[in-house]
Amino acid sequence: MWEVNVIIDNIEKDKIREIPYKELLHSNNKGMLILGIILSRLNQKQEFIYDIKMYIESPDENINEEAILAFASFAKDRSDFVYLRESYNKATERGKLFIIRSVSQSPDTEYAVQFLQWVAINEPVNCKVEALKNLLIIDICKVAEFMNVKDPQVRMACNEVLDINQ
Amino acid sequence: MNIIFFNNFINVFFFIFSGTLFCFYFITAILSIVEMKNHIKKTVDFDYRTMLSFPKLPSVSIIAPAYNEEKNIIENIKCLLSIQYPDYEIIIVNDGSKDDTLATIIKFFDLIKIERAYELKIPCEMIRGVYQSVNPAYNHLLVVDKENGGKADALNSGINVSRKDLFLAIDVDCIIESNAILKMVRPFINDQTHKVIVTGGVIRVANSCEVAGGRIVKVNYPQNFWAKFQVMEYFRAFTIGRMAWAKLNGLLIISGAFGLFDREVVVKVGGYDKTTVGEDLELVVRMRKYMYETGTKHRVAFIPDPLCWTEVPESFKILSRQRNRWTRGAIDTIKKHKNMFFNPKYGMIGLVSFPYWVIYEWLSPIIEFFGILFLLIYLILNLYSLNIIVLVLLFVITLSLMLSTIAIYIEAYTYYKYRGVKYLFQAFLCVLLEIVIYHPSNLYFSLSGNFDYFFKKNKKGWGNMTRTGFAAMKTK
């Protein structure tokens, strides 16, 4: 990832705009591919959303994570959010947090609430907190419901999210 | 006949032992020089601040356990707060201090108790509360207050509370360079063939250095007699030893005072072991063992840049306690992982690094002690001629001087932190005196550590480690 970081940093500094996104996104070289995905996300190249989508299935952790990050930042339709939700279990920890943030932006609020509630109950504490934070924005009453659950971790996450000092 | 056989056996044994030891030293010295040159070539033109704008960097928690540190804690935290890194948090773990450490931090940094969710992924003593500052200038700072459980337990609490990808385990009284994390993170994102699980950095002696605003502003060679020796010792250990072992991918120890760990791997292996006083060595050995057992190609990286400054013991008594603890920690780790000894399942570690630790780190002082004893007996019995003994001693002294000279040369050639003719003169004197004063002292510390481990079973503690503190050092 070192070279990828250095190249992106130079592209940003030199304000290079002519980037062969398509070639990068279909490259067989892992580094080039990741470069293409990250640049597409940073420069908001929405048109490559479906080129990127296929890499969510990648067994490579780095490609999978970057693809999720990019796809999550482009997702707009309900079907995109459904796809992200389905990819959740395959994601890295960082990818999971991005999916939580992204799905909570879904136009189908009911679908988003269901997902966030599921994460708050079943997932590790980092994800619980992130899910409850996003749930708080959608509907504060839904967060309050978690204050009395039996699982102490869910209560802890709930208390953290509702702590006005943070 | 039997006496002759015994005599020959002793001679051959000591010859092979010392011969292989010097071969190891020689090889590691050469490897270090080569590796150091490579490192400098790769990094000399690189401005690490560039990394601050990198889009893909792991996040880092700095975990610093504190126990009865009220005198220096504010300066120490200020130093940590001046770190350059895009995504980090500082977790100070108050390990049930009996003094006013917690109250001092709360007052100075405007802390309030917050609700913080965490999982007890690694067992630790009860966490009484987590504090955060109301001042946005300190929003990277978290303070965990917990029941006393020792350094390993405090680190485990910090790991439980942490939410970042990597964590830097650091002694709260260390001074780290502002770009230390940027440099330490590099191997984690640079290595394409191996998973980097830990990175260590060079620790230097801060005694007598000038400190301002939590930073070392002038490096001085220590005035204290014992600290002078430790400068040379740290040169050799970090510049020659660890650099070479890292090159061979056989590094087993990352100092407990300064190491950057992959949090996920540490959690998987169960965190720091609270039952040993050598928790730093033990953790790295366990992590490497785990990686071999899961068939993961991995690496423990080492950065030769001086990134962390620490105050070393200034009295014989405190130094003795520290080295005694190091010895007990090493024996404990060796015992716990004895199945790695010459075990090909653990690759380089099982076949080279671990046996090296057993033979040349643990047993070496014991063998040396018996060597001296035999030498004296043989001298009394007139079995050796004085000429041969003088020749052997000269050989040992020359090799010892050569190693120290290489270490001093590498330091001067690369980082050049210590300067001036006065320093060079003192360093030379120190290297000479080391053979007759510091080395025998170290031998005594190791033997007493062995004695305490095997015959004083209840001796498990760290012992009191009194320090002067940077606040008391010359500051601008």
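Everything quoted here is computed from the prediction, not taken from an experiment.

**Structural notes on the overall build of chain B**
Then step 1. A count of helical and extended segments in chain B gives 12 helices and 12 strands.
Then step 2. For 476 residues, the compact-globule estimate of 2.2 N^0.38 gives 23 Å, and the C-alpha radius of gyration of chain B, at 23 Å, lies within 12% of that figure.
Then step 3. When its C-alpha atoms are laid out on the principal axes, chain B stretches across 80 × 50 × 45 Å.
Then step 4. Within chain B, the fraction of its 476 residues that count as buried is 44%.
Then step 5. Counting only contacts in chain B whose residues sit at least 6 apart along the sequence, the fraction spanning at least 24 positions is 80%.

**Examining the overall build of chain A**
Then step 1. A count of helical and extended segments in chain A gives 11 helices and 0 strands.
Then step 2. Mapped from its N terminus to its C terminus, chain A presents α and β elements in the order α-α-α-α-α-α-α-α-α-α-α.
Then step 3. A principal-axis box enclosing the C-alpha atoms of chain A has dimensions of 55 × 30 × 25 Å.
Then step 4. Counting all 166 residues of chain A, 39% fall into the buried class.
Then step 5. Taking contacts inside chain A between residues at least 6 apart in sequence as the whole, the part at least 24 apart equals 54%.

**What about the sheet that holds strand β1 (residues 60-66) of chain B?**
Residues and elements named next belong to chain B.
Then step 1. Spatially, β3-β4-β5-β2-β1-β6-β11-β8-β12-β7 is the arrangement adopted by the 10 strands of the open sheet, whose pairing is mixed. The open sheet has two edge strands with one neighbour each: β3 (111-114) and β7 (175-176).
Then step 2. Summarising the sheet, β1 and strand β6 (residues 166-170) pair through 4 bridges and their orientation is parallel. Pairing of Val60 across the sheet is with Leu166, part of β6.

**Observations regarding the packing of helix α8 (residues 279-293) of chain B against helix α9 (residues 316-336) of chain B**
All names here are of chain B.
Then step 1. It is the contact of α8 with α9, at a shortest axis distance of 8 Å, that shows an interaxial angle of 25°. Put simply, α8 runs roughly parallel to α9. Where α8 crosses over α9, the two elements pack in a sense that is right-handed. Between α8 and α9, the residues in contact are Leu281, Glu282 and Val285 and Gly329, Ala330, Asp332, Thr333 and Lys336, respectively.
Then step 2. Of the residues that constitute the contact of α8 with α9, the class distribution is 3 nonpolar, 2 polar and 3 charged.

**A word on the pairing of strand β11 (residues 258-262) of chain B**
Residues and elements named next belong to chain B.
Then step 1. Of all 5 residues in β11, 5 are buried, a share of seventy percent or more.
Then step 2. Burial of the side chains of β11 extends over both faces: Phe258, Leu260 and Asp262 are buried on one face and Gly259 and Phe261 on the other.
Then step 3. Where β6 lies against β11, 5 bridges are found, and the strand directions are antiparallel. Note on β11: the bridge partner recorded for Ile170 is Phe258.
Then step 4. Relative to β11, strand β8 (residues 195-205) runs antiparallel, the two sharing 3 bridges. Bridge pairing in β11 places Gly200 opposite Gly259.

**Observations concerning the interface of chain B and chain A**
Then step 1. Facing 16 residues of chain B, the contacting portion of chain A comprises 22 residues.
Then step 2. Contributions of two or more residues to the side of chain B that touches chain A are made by β3 and α5 (180-190) of chain B.
Then step 3. The residue inventory of the side of chain B that touches chain A, partitioned by class, reads 7 nonpolar, 4 polar and 5 charged.

**Observations concerning the environment of Val231 of chain B**
Then step 1. Mapped onto the fold, Val231 of chain B is located in helix α6 (residues 225-247).
Then step 2. The residues contacting Val231 of chain B, other than those within four sequence positions of it, are Val205, Tyr221 and Pro222 of chain B.

**As for helix α12 (residues 421-455) of chain B**
Residues and elements named next belong to chain B.
Then step 1. Taking 1.5 Å of rise per residue, 35 residues should cover 51 Å, and α12 covers 47 Å from first to last C-alpha, within 8% of that figure.
Then step 2. Of all the bends in α12, the greatest, near 65°, is centred on Glu434.
Then step 3. Turning to α12, its buried residues number three or more, namely Ala427, Cys430, Val431, Glu434, Tyr438, Phe445, Ser446, Gly449, Asn450 and Tyr453.

**Topic: the confidence of the model for chain B**
Then step 1. For chain B, mean pLDDT is 89; residues scoring 70 or higher make up 96% of the total.
Then step 2. This prediction of the complex comes with two scores: 0.89 for pTM and 0.83 for ipTM.

**A few points about the domain arrangement of chain A**
Often, the extent of an interface is quoted as the loss of accessible area upon association of its parts.
Residues and elements named next belong to chain A.
Then step 1. Here the domain parsing of chain A yields domain 1 (1-74) and domain 2 (76-166).
Then step 2. Summarising the inter-unit geometry, the C-alpha centres of domain 1 and domain 2 are found 27 Å apart.
Then step 3. Contact with domain 1, which involves 8 residues of that partner, is made by 10 residues of domain 2.
Then step 4. Taken together, the residues of the side of domain 1 that touches domain 2 sort by class into 5 nonpolar, 1 polar and 2 charged.

**So, the environment of Ile127 of chain B**
All names here are of chain B.
Then step 1. Position of Ile127 among the secondary structure elements: in strand β4 (residues 127-133).
Then step 2. Residue classification places Ile127 among the partly exposed residues on the basis of 18 C-beta atoms within 10 Å.
Then step 3. Counting along the chain gives 34 residues from Ile127 to Val93, while the straight-line C-alpha distance between them is 9.6 Å.
Then step 4. In this structure, Ile127 is in contact with Val144, Lys146 and Ser157, ignoring residues within four places of it in sequence.

Rules of the game
Residues numbered from 1 in each chain as written. Chains lettered and ligands numbered in written order. Predicted model: local features only at pLDDT ≥ 70, side-chain atom pairs only at ≥ 80, totals over all residues. Helix = DSSP H or I, 4+ residues; strand = E, 2+ residues; numbered from the N terminus. Rg over C-alpha atoms; globule rule 2.2 N^0.38 Å. Buried ≥ 20, exposed ≤ 12 C-beta atoms within 10 Å, placed from the backbone. Contact = placed C-beta atoms within 7 Å. Pairing = 2+ DSSP bridges. Axes fitted to C-alpha atoms, helices over the stretch in contact; angles between N-to-C directions. Parallel < 35°, antiparallel > 145°, perpendicular 65-115°, else oblique. Left-handed = near helix turned anticlockwise from the far one by under 90°. Nonpolar A, V, L, I, M, F, W, Y, C, P; charged D, E, K, R; others polar. Expected span 1.5 Å × (residues − 1). Bend = angle between axes of the 7 residues up to and from the residue. pLDDT = per-residue confidence, 0-100. Domains from an automatic or database assignment.

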